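Chain by chain, the residues run as shown.
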Amino acid sequence: MKCPVHIEENPNVSQNSGNVFTWFRENETKEWTRVSQETNSRLRVIKNRLQFWPVEAYDNGQYLCVYGNSTHNATSDPLSFIVKRRNADECSNPVCALERSANRGIAGTVLCGVAETVPNITNILWYKGCDLLNQPNELRLHFRTLSDTDSGNYTCVVTLTREGKNYTHTKTTQLLVKDPEESVIPNILEGDSISSEAVEIGKPHTLKCKGFIGHMKENRDHNIYWLKKEAGSNPIVVMECANKKWKTPCETEVQFNYDNGNAFLSTEVHFEEVKEEDLKFNYICKLDNPFGNKNKTFELRKKEQPDIAQRTFTTGITLAIVLPILFILMSVVCLIFRIDLVLQYRRITNKDETKSDGKEYDAYVSYLKYSKLETEAETKFALEVLSHTLEDFFGYKLCIFERDVMPGGATVDDIDSLIDKSRRLIIILSKNYTSDNAMYELESGLYKSLVERKTKVIVIEYNLPEDFTLLPESLDLLKSSSKLKWEEDRSRPLNSKFWKKMQYLMPAKPFKPPGEKPIAYNGKVVTFSSRKKYTLINCFAKEV
């Protein structure tokens with residue numbers, strides 16, 4: 001095992017002729033113990049190599065070497081020494097084989113891997129797969145001209161003698177013969193030799209550099225690194241980010257990548273926070289290779305702030321498009337559900353439009369008052385369905401002439417007075433709506449609504465007349481929004497469109513839960529459900 005210390009990088013160490021190589025091994029307690037260097041031991045140190053005579057299974061572990069003396073020394077990184085057993089039926093150990101590629105049609109050499117300085121070599125045999133080759137007793141296997149048939153696993157078996165014992169050193173090389181590749185010149189990718197980078201002061205930034213170094217996986221004869229140069233001065237090396245004492249900018253670890261038959265080296269300069277002083281330097285990515293050096297220079301410039309930030313501009317455009325659409329959708333929803341929204345608003349706010357207006361009734365009901373057979377349905381609708389729902393379920397107070405007016409007075413005067421006392425005039429319009437009283441109520445209500453603007457008119461289209469010529473023309477002047485159509489079974493439920501619009505047209509009053517009717521009993525106010533009938537015996541009850 002060869003010591004990987006680079007002596008040339010440590011001039012203080014290499015200049016001392018008294019330096020030696022010392023090996024250490026990590027024990028079970030994770031401590032480093034020195035490897036014995038006695039001449040008769042199984043482990044032996046020869047120059048910069050540690051030799052095993054022979055390798056045993058328990059030699060598996062971590063090693064490191066130190067070159068120098070007590071004053072100056074250089075220490076290698078830990079080395080993993082992995083020991084594997086070869087199956088008895090295998091002619092070589094493919095797990096430990098070294099892969100080597102060579103071009104077809106040229107001469108080639110496969111090395112055995114044993115230093116020529118190793119003493120007492122008694123025999124060298126070469127195998128291709130399991131076949132013994134007729135080759136000279138040498139540590140190198142030569143090919144004059146490589147062909148496809150020369151591809152395969154080549155194993156050399158070296159016999160060594162030490163202190164009267166024979167040992168063997170075995171190494172397998174996998175030779176791959178392929179088509180000769182076009183000569184390629186390593187180069188730095190992505191852009192021109194000079195690149196201008198826009199940076200923001202106070203923000204993080206990264207300069208990226210990637211170099212193409214050829215087509216060989218094992219190609220390591222190249223190096224890529226960063227320099228920074230200020231105008232009028234010599235370039236200096238950018239320190240590595242692994243150095244904790246160094247602040248940004250710093251160089252990240254070099255990465256090797258092999259993709260689709262191409263080998264690359266890449267590295268970066270990272271700024272945690274760009275400062276004004278960083279703009280004074282040009283950052284140079286340098287790729288060293290046997291064919292010559294390649295450089296790429298990055299010039300930093302302050303990023304110009306746009307008049308409007310991109311994010312702000314995008315947000316503004318989005319809002320300009322989305323808001324009108326939302327406004328239109330909300331308008332459509334409010335138009336469709338305006339009645340429900342208004343009723344809900346009234347319930348939440350307990351809005352009351354009846355305070356201090358001086359009127360006694362919420363609505364005066366006008367309908368055909370003949371008691372003929374064909375008008376019984378209209379009368380029942382006015383006296384039972386309409387009045388019961390509006391009064392008992394929605395808490396309105398209605399004025400119905402036949403029910404609330406004492407007989408004997410002047411009918412016309414009474415009608416005018418009652419309409420004046422009412423906030424709304426409800427007209428149940430039917431084909432039989434032609435009596436004198438009904439027509440007078442209609443004409444008077446229309447006059448007060450359209451001319452005097454004292455009372456609002458609500459028209460219920462119960463059963464429209466066939467001939468409209470008998471009705472006042474001013475009826476057509478009423479807005480369609482103040483008209484409702486009774487549709488029998490569809491209109492009967494309390495949550496139907498008919499009753500919602502009726503509440504919408506009626507004056508706003510504090511919401512009263514449906515089905516409750518307050519009654520004064522013995523001086524106290526009690527509540528009875530209007531959906532049930534009660535019999536009061538020997539008492540007097542007056543409806544509030």
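Scroll up to find the structure.
As the structure is a computational prediction, the values presented were derived from the model and not from experiment.

Colleague: Before we move on, can you summarise a nonpolar patch on the surface with the specific residues and values?
Modeller: Residues Phe313, Ile317, Leu319, Ile321, Val322, Leu323, Ile325, Leu326 and Leu329 make up a contiguous nonpolar surface patch of about 800 Å² in total accessible area. Relative to the assigned elements, Leu326 resides in helix 2 (residues 310–336).

Colleague: Quick one: what's the story with the nonpolar core, residue by residue and with numbers?
Modeller: Counting residues in each nonpolar core, the largest one holds 24 residues, and the members touching the most others are Leu386, Leu390, Ile426 and Met502. Where this core is concerned, the elements lending two or more residues are strand 25 (363–366), helix 4 (376–393), strand 26 (398–400), strand 27 (424–430), strand 28 (456–463) and helix 8 (497–505). When residues of this core are assigned to their parent elements, the largest contribution, five residues, is made by helix 4. Val199, Leu207, Val238 and Phe298 belong to the second largest nonpolar core, which has 19 residues in total.

Colleague: Give me helix 3 (residues 338–349): which residues, what numbers.
Modeller: Taking 1.5 Å of rise per residue, twelve residues should cover 16 Å, and helix 3 covers 16 Å from first to last C-alpha, within 8% of that figure. Every buried residue of helix 3 is listed here: Ile339, Leu343 and Arg346. Projection of helix 3 onto a plane perpendicular to its axis shows the buried side chains occupying an angular sector of 60°, all on one side. In the core, the buried residues of helix 3 are packed alongside helix 8. Just downstream of helix 3 lies Asn350, where phi reads positive at about 55°.

Colleague: Got a sec to walk through the sheet that holds strand 10 (residues 121–128)? Specific residues and values, please.
Modeller: In sheet architecture, strand pairing relies on hydrogen bonds along the backbone and comes in two forms, parallel and antiparallel. On the basis of which strands lie adjacent, the open sheet formed by five strands has the order 8-14-13-10-11 and mixed pairing. With one partner strand each, in any of the chains shown, strand 8 (98–103) and strand 11 (131–132) form the two edges of the open sheet.

Colleague: An account of the side chain of Asp362 is requested, with residue identities and associated values reported.
Modeller: Relative to the helices and strands, Asp362 resides in the loop between helix 3 and strand 25. We classify Asp362 as buried; its relative accessible area is 1%. Of the polar contacts made by the side chain of Asp362, one reaches the side chain of Arg423; its length is 2.7 Å. Within the local environment of Asp362, its side chain forms a polar contact with the side chain of Lys509, the two groups lying 3.1 Å apart. In this view, Asp362 contacts Thr354, Gly395, Tyr396, Lys397, Arg423, Arg424, Met506, Pro507 and Lys509; residues no more than four positions away in its chain are not counted.

Calculation rules
Residues numbered from 1 in each chain as written. Predicted model: local features only at pLDDT ≥ 70, side-chain atom pairs only at ≥ 80, totals over all residues. Heavy atoms only, no water. Patch = residues over 30% accessible without salt bridge, like charges linked within 9 Å, V, L, I, M, F, W, Y side chains within 5 Å. Areas by Shrake-Rupley, 256 points an atom, 1.4 Å probe, with all protein chains shown as cover. Salt bridge = Lys/Arg side-chain N within 4 Å of Asp/Glu carboxyl O. Helix = DSSP H or I, 4+ residues; strand = E, 2+ residues; numbered from the N terminus. Core = buried A, V, L, I, M, F, W, Y, C linked by side-chain atoms within 4.5 Å. Buried < 20%, exposed > 50% of the residue type's maximum accessible area, 1.4 Å probe, protein only. Expected span 1.5 Å × (residues − 1). Arc of directions from axis to C-beta. Contact = heavy atoms within 4.5 Å. Pairing = 2+ DSSP bridges. Polar contact = N/O pair within 3.5 Å; in protein donor to acceptor, adjacent residues only side chain to side chain.

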